[in-house]
Amino acid sequence: MDPALAELAAELPAHALLTDADQVEGYRRDAAADPKAGHPMAVVRATSTADVQCVLRWAGRHRVPVVPRGAGSGLSGGANAVDGCVVLTTERMRDIRIDPDNRVAVVQPGALNADVKRAAAQHGLWYPPDPASVDISSIGGNTATNAGGLCCVKYGVTSDYVLGMEVVLADGTAVTLGGPRLKDVAGLSLTKLFVGSEGILGVITRVTLRLIPAQSQQSTVVAVFSAVQDAANAVVAITATVRPAMLELMDHASINAVEDYRRMGLDRSAQALLLIQSDASGDAATEVAHIVDACRSCGATEVFATDDPEEGAGFTAARRVVGLALMQLGTLLLEDVTVPIPELPALLAGIHRIATECDILICVVAHAGDGNTHPVVVFDPDDPDARARAERAFSEVMDLAIAMGGTITGEHGVGRLKRDWLPKQLGDDVIMLTRRVKDALDPLGILNPGAVLHP
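What counts, and where the lines are drawn
- Residues numbered from 1 in each chain as written.
- Predicted model: local features only at pLDDT ≥ 70, side-chain atom pairs only at ≥ 80, totals over all residues.
- Heavy atoms only, no water.
- Helix = DSSP H or I, 4+ residues; strand = E, 2+ residues; numbered from the N terminus.
- Rg over C-alpha atoms; globule rule 2.2 N^0.38 Å.
- Buried < 20%, exposed > 50% of the residue type's maximum accessible area, 1.4 Å probe, protein only.
- Areas by Shrake-Rupley, 256 points an atom, 1.4 Å probe, with all protein chains shown as cover.
- Lys, Arg positive; Asp, Glu negative; His and termini not counted.
- Charge placed at Lys NZ, Arg CZ, Asp CG, Glu CD.
- Pairing = 2+ DSSP bridges.
- Axes fitted to C-alpha atoms, helices over the stretch in contact; angles between N-to-C directions.
- Contact = heavy atoms within 4.5 Å.
- Core = buried A, V, L, I, M, F, W, Y, C linked by side-chain atoms within 4.5 Å.
- Phe/Tyr/Trp six-rings, centres within 6.5 Å; stacked < 30°, edge-to-face > 60°.
- Salt bridge = Lys/Arg side-chain N within 4 Å of Asp/Glu carboxyl O.
- Patch = residues over 30% accessible without salt bridge, like charges linked within 9 Å, V, L, I, M, F, W, Y side chains within 5 Å.

### What about the overall build of the protein chain?
Helix and strand counts for the protein chain stand at 16 helices and 18 strands. Taking 23 Å as the expected radius of gyration for a compact globule of 455 residues, we find that the protein chain reaches 22 Å, a close match to that expectation. On the principal axes, the C-alpha backbone points of the protein chain span a range of 70 × 60 × 45 Å. Across the 455 residues of the protein chain, 56% fall into the buried class. Counting every atom, the protein chain has about 18,600 Å² of accessible surface; 52% of that belongs to carbon and sulfur. Between the centroid of the 38 positive side chains of the protein chain and the centroid of its 56 negative side chains there is a distance of 5 Å.

### Let's talk about the sheet that holds strand β8 (residues 162-168)
To summarise the sheet geometry, strands pair through backbone hydrogen bonds and adopt either a parallel or an antiparallel arrangement. The antiparallel open sheet is built from five strands, whose spatial order is β5-β6-β10-β8-β9. Edge positions in the open sheet fall to β5 (96-99) and β9 (174-178), since each of these has one partner strand only. Strand-to-strand twist in this sheet, taken as the mean axis angle between neighbours without regard to direction, amounts to 15°. Pairing of β8 with strand β10 (residues 203-210) involves six bridges; the strand directions are antiparallel. Within β10, the residue paired with valine 167 across the bridge is isoleucine 204. Docked against the sheet, helix α3 (residues 49-62) engages β8, β9 and β10, running at close to 45° with respect to β8. Across the sheet, helix α4 (residues 113-121) touches β5, β6 (104-107) and β10, and the angle it forms with β5 is around 35°.

### Regarding the nonpolar core
Residues Leu209, Phe225, Leu274, Cys295 and Ile362 are the most contacted members of the largest nonpolar core, which totals 110 residues. The leading source of residues in this core is helix α14 (residues 384-403), at nine residues. Core analysis: the next-biggest nonpolar cluster, separate from the first, contains 25 residues, Leu5, Ala16, Ala42 and Leu56 among them.

### Section: the sheet that holds strand β16 (residues 331-334)
Spatially, seven strands are ordered β15-β12-β14-β13-β17-β18-β16 in an open sheet, and the strand pairing comes out antiparallel. Each edge of the open sheet is held by one strand with a lone partner, namely β15 (302-306) and β16. Adjacent strand axes in the sheet meet at a mean angle of 15°, parallel and antiparallel pairs treated alike. Where strand β12 (residues 219-225) meets β15, five bridges bridge the pair, whose relative direction is antiparallel. Residue pairing in the sheet places threonine 220 in a bridge with threonine 306 of β15. Contacts between helix α9 (residues 252-261) and the sheet are confined to β13 (246-251), β14 (272-278) and β17 (361-367), with β13 contributing the most and set at about 85° to the helix. Lying over the sheet, helix α10 (residues 284-297) contacts β12, β14 and β15, oriented at roughly 0° with respect to β12.

### Describing the packing of aromatic side chains
Scanning all chains against the criterion turns up four aromatic pairs. Centroid distance tryptophan 126 to tyrosine 155: 4.8 Å. Interplanar angle 80°. Geometry classified as edge-to-face. Separated by 29 residues along the polypeptide, tryptophan 126 in strand β7 (residues 125-126) and tyrosine 155 in helix α6 (residues 152-155) bring together distant segments of the chain. Per residue, the accessibility class of tryptophan 126 equals that of tyrosine 155, and both read buried. Taking 6.1 Å as the distance between ring centres and 50° as the angle between the ring planes, the aromatic pair formed by phenylalanine 304 and phenylalanine 315 counts as tilted. A residue pair is termed long-range when its members are at least 10 positions apart, and phenylalanine 304 in strand β15 and phenylalanine 315 in helix α11 (residues 309-320) qualify at eleven residues. What makes phenylalanine 304 partly exposed here is its relative accessible area of 31%.

### Comments concerning the pairing of β6
Because side chains alternate across β6, one face comprises the buried residues Val104 and Val106, and the other comprises Ala105 and Val107, equally buried. Sheet analysis places β5 next to β6, joined by four bridges and oriented antiparallel. Bridge pairing in β6 places isoleucine 96 opposite valine 107. Counting the residues between successive antiparallel strands, the hairpin from β5 to β6 contains four residues, one of them, arginine 103, with a positive phi of roughly 55°.

### Concerning the pattern of salt bridges
Going through the model one piece at a time under the given rule, you end up with 19 salt bridges. When the shortest N-O distance is used, the salt bridge between arginine 353 and glutamate 357 registers 3.2 Å. Of this pair, arginine 353 and glutamate 357 are both found in helix α13 (residues 344-358), four residues apart, which corresponds to roughly one turn of the helix. Given the relative accessible area of 39%, arginine 353 is considered partly exposed. Judged by relative accessible area, glutamate 357 falls into the partly exposed class, the value being 45%. With its nearest N and O atoms 2.8 Å apart, the salt bridge here joins arginine 389 to aspartate 385. Here the residue arginine 389 and the residue aspartate 385 both occupy positions in helix α14, the gap between them amounting to four residues, near one helical turn.

### Quick word on a negative patch on the surface
Judged by side-chain charge, Asp307, Asp308, Glu310 and Glu311 come together as a negatively charged surface patch. For aspartate 307, the position within the fold is in the loop between β15 and α11.

### Considerations on the environment of valine 288
Along the chain, the position of valine 288 falls in helix α10. Along the chain, valine 288 and valine 104 lie 184 residues apart, while their C-alpha atoms are 31 Å from each other. Contact partners of valine 288, with chain neighbours within four places excluded, come to Ser219, Val221, Ser278 and Ala305.

Pasting the structure below:
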């Protein structure tokens, strides 16, 4: 073993350090499957804050880059290895403690989102952030990317629920920020600085999450449209007066990909489908009636409403498997662009135009209620021309979102796949300010180099 790695192994618990090539290979890249991911020298499976501190102190002494990793479900290349790095995974740090009196969960970063929801539910409480990857994504990764999901249209994203955290800085110092308090304005809002920081400022080792009372029973509306533009117009009409608990869009290609992957009973002839849920306490019927009227007035060919929880769960399950279904079609470039809601119809029209001009398949699913779309570019990786057209389409969709006053990422993070477009959105002054913050907290540049910012 390399002497430096032998030194690290001696400081860590037994079996925490992996150097076997086959084992290390499994930690090279996240779910974006970027072929350009680097080759790490080793992987550390941390079990405690002390383990994380040990790795970062060692990395500072030896000038070795460290790439933090949660469950590996990220979609922007944020956890992709760089050559010669150590991948630091928190997947074994899974403790969850629920404090029902304060309505908080104190969670280690490797705990899965779904496990936190289940633990909270045992006390009649709910953790709302709800990414489609709820069963496989970790709280550490959710926090590092400020994840959103299906319920964020009404209930907000991860940053709305993070009250505090413990984070290990690049020099190995562990600091505690915030805590189980609903109101706390003492000092700078450093907790929020680390939410969405994608591992470039520190490694999160504990998170204190706000919980709320369990969600009321949901009523579900499914609306079928013969044109995507009609569905987008319905989204604008619905959100103009109500804020449903869920408002999701699937286009024709996504609907059929799901049906090919797993028979869910979706209408294959539909050009678009809206999945809407209301949990309005005491007034769900009025909200559902408005939603149904808005869909019909915007051209829905069929509108189905139900209060049956099992029927509603079935439609939600169909939305959640879209990602897996699309993977069966080819190699994917996954977008995450968001625009103000009134711009949603124009964005979808622009995406269709780009797909036509680039002669490439772009499937669209969306957290439509907050303007967050996921245009997924599908191509044959063995066809160089198809790859070039896919990359052009990927670029043009992000340029379009920026031009419309939107963002290149609503919830997946910038990672490595979108960093070239970040200056176009933020401008040189904000990029320079971001670099100053990064340099202040990580002067050696060892934390996740190449993520968010160019090294």
